[in-house]
Amino acid sequence: MKKLIIANWKMQLTYPASLDLTKKLVKKIKGDKNTVVVCPDYLSLPAVAPLLKSSRLQLGAQDSAAAAYGAFTGEVSPANLKALSVKYVIIGHSERRERLHEEAGLINAKIKTALANKLIPVLCIGEKLIEKEKGNAKKILSQELRQALNGVKIKSAADLVIAYEPLWAIGTGHAIIPLEADIINAFIRTQAAKILNKSVRVLYGGSVAAENSAEFLRQKNVDGLLIGGASLKAEEFSSICLQ
Ligand code: PGA
């Protein structure tokens, strides 16, 4: 089965740099071995979209609002993202949960609204280091799943993606051991299936780089990768996508 590889550019690039990186990736990533998605910042999205038109790359966004339209100053509508040919949307990234205090109820509402607007939510879940050290990782992951997916209905397994991103691994250079990601991803898939009645894709994210990506992609329960830092380098990211 094809793996799903998602680039999360966060707020790391200027507008011209986003266009430049997009053009480089379009040139380098040919063939259809894996499904590749790039998630630029909102301001770059409308200019990145046409560059992807006859390419293999698909478009994602880094977040979307819990409502399609209305009086929500500063928010971005999933309906408008859909109109710009966005296909995937990251929801509940730990940076938003931690730094912007996004809580479980809001994440749940964002997932429902994204689905209602025919976007594929990429729900991020993950434990903190202290929770892992106390042996509570599975408890936290189950709780985050239950809260985020409460009342969520999907028609097909392809309609929603989960990304397991342990917080201690994001941007630290310390990825989880691939075999451990395989075990946890299998656990997440089973827990999610109890809620959704579907076996959805489960990605791994957190300090994935060219050196460790092949080992992650070899794991049976790692259906793909969510990549931050290494997705900003055209050479490195394309080598990960093409293996
Ligand atoms: P990283 O980020 O690859 O830089 O660790 C991953 C993420 O935040 O999605």
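None of the values given here were measured: they were computed from a predicted structure.

Draft legend 1. Inspection of the packing of aromatic side chains at higher detail. Inspection of the entire model under this criterion finds two aromatic pairs. A ring pair is formed by Tyr204 and Phe216, whose centres lie 4.5 Å apart and whose planes are at 10 degrees; its orientation type is stacked. Of this pair, Tyr204 sits in strand 7 (residues 201-205) while Phe216 is found in helix 9 (residues 210-218), placing the two residues twelve residues apart along the sequence. Residue Phe216 is classed as buried on the basis of its relative accessible area of 0%. By the ring-pair criterion, three or more aromatic residues cluster together here, those being Tyr164, Tyr204 and Phe216. One residue, Lys138, lies across the ring of Phe187, its end atom 5.0 Å from the ring centre.

Draft legend 2. Seen up close, the pairing of strand 3 (residues 57-61). Of all the five residues making up strand 3, four are buried; the element is thus mostly covered by neighbouring parts of the structure. The sheet contact formed by strand 2 (residues 35-39) and strand 3 spans three bridges and is parallel. Note on strand 3: the bridge partner recorded for Val38 is Leu59. Handedness of the crossover joining strand 2 and strand 3 through helix 2 (residues 45-52): right-handed. Pairing between strand 3 and strand 4 (residues 88-91): two bridges, direction parallel. Within strand 4, the position partnered with Gly60 by the bridge is Tyr88. Handedness of the crossover is the feature at issue here: the chain leaves strand 3, passes through helix 3 (residues 78-83), returns alongside strand 4, and the resulting connection is right-handed.

Draft legend 3. Here's a closer look at the nonpolar core. In this structure, Ile111, Leu160 and Ile188 are the most contacted members of the largest nonpolar core, which totals 61 residues. Top element by residues in this core is helix 8 (residues 178-196). It accounts for six residues. Every residue in contact with Ile111, bar those within four places of it in the chain, is listed here: Ile91, Pro121, Leu123, Ala148, Leu149, Val152 and Leu160. Membership of the second largest hydrophobic core comes to 13 residues, among which are Leu4, Tyr88, Ile90 and Val161.

Draft legend 4. Structural detail: a positive patch on the surface. Residues Lys82, Lys87, Lys118 and Lys155 make up a contiguous surface patch of positive charge. Here Lys155 shows up in the loop between helix 7 (137-149) and strand 6 (161-164).

Draft legend 5. Geometry of the packing of helix 1 (residues 15-28) against helix 10 (residues 234-242). The interhelical angle for the contact between helix 1 and helix 10, taken along N-to-C directions, is 35 degrees, at an axis separation of 10 Å. The crossing of helix 1 and helix 10 is right-handed. Contacts between helix 1 and helix 10 involve Leu21, Lys24, Leu25 and Lys28 from the former and Ala234, Glu235, Phe237, Ser238 and Leu242 from the latter. Of the residues belonging to the contact of helix 1 with helix 10, the class tally is five nonpolar, one polar and three charged.

Draft legend 6. View of helix 10. By the burial criterion, the buried members of helix 10 are Ala234, Glu236, Phe237, Ser238, Ile240 and Cys241. In this fold, the buried residues of helix 10 make contact with strand 1 (4-8), helix 1, strand 2, helix 9 and strand 8 (224-227).

Draft legend 7. The arrangement of the pattern of salt bridges in detail. In the structure shown here, the tally under the stated rule is 13 salt bridges. We note a salt bridge from Lys110 to Glu102, for which the minimum N-O separation is 2.8 Å. One salt bridge in this structure joins Lys132 and Glu180, with 2.9 Å as the shortest N-O distance. Of this pair, Lys132 sits in helix 6 (residues 129-133) while Glu180 sits in helix 8, and the two are 48 residues apart along the sequence. Residue classification places Lys132 among the partly exposed residues on the basis of a relative accessible area of 28%. Under the relative-accessibility criterion, Glu180 is labelled partly exposed at 26%. Overlapping salt bridges, with partners in common, bring together Asp63, Arg96, Glu102 and Lys110 in one network.

Rules of the game
Residues numbered from 1 in each chain as written. Predicted model: local features only at pLDDT ≥ 70, side-chain atom pairs only at ≥ 80, totals over all residues. Heavy atoms only, no water. Phe/Tyr/Trp six-rings, centres within 6.5 Å; stacked < 30°, edge-to-face > 60°. Helix = DSSP H or I, 4+ residues; strand = E, 2+ residues; numbered from the N terminus. Buried < 20%, exposed > 50% of the residue type's maximum accessible area, 1.4 Å probe, protein only. Lys NZ or Arg CZ within 6 Å of the ring centre and 35° of its normal. Pairing = 2+ DSSP bridges. Right-handed = clockwise from strand over helix to strand, strands pointing away. Core = buried A, V, L, I, M, F, W, Y, C linked by side-chain atoms within 4.5 Å. Contact = heavy atoms within 4.5 Å. Patch = residues over 30% accessible without salt bridge, like charges linked within 9 Å, V, L, I, M, F, W, Y side chains within 5 Å. Areas by Shrake-Rupley, 256 points an atom, 1.4 Å probe, with all protein chains shown as cover. Salt bridge = Lys/Arg side-chain N within 4 Å of Asp/Glu carboxyl O. Lys, Arg positive; Asp, Glu negative; His and termini not counted. Charge placed at Lys NZ, Arg CZ, Asp CG, Glu CD. Axes fitted to C-alpha atoms, helices over the stretch in contact; angles between N-to-C directions. Left-handed = near helix turned anticlockwise from the far one by under 90°. Nonpolar A, V, L, I, M, F, W, Y, C, P; charged D, E, K, R; others polar.

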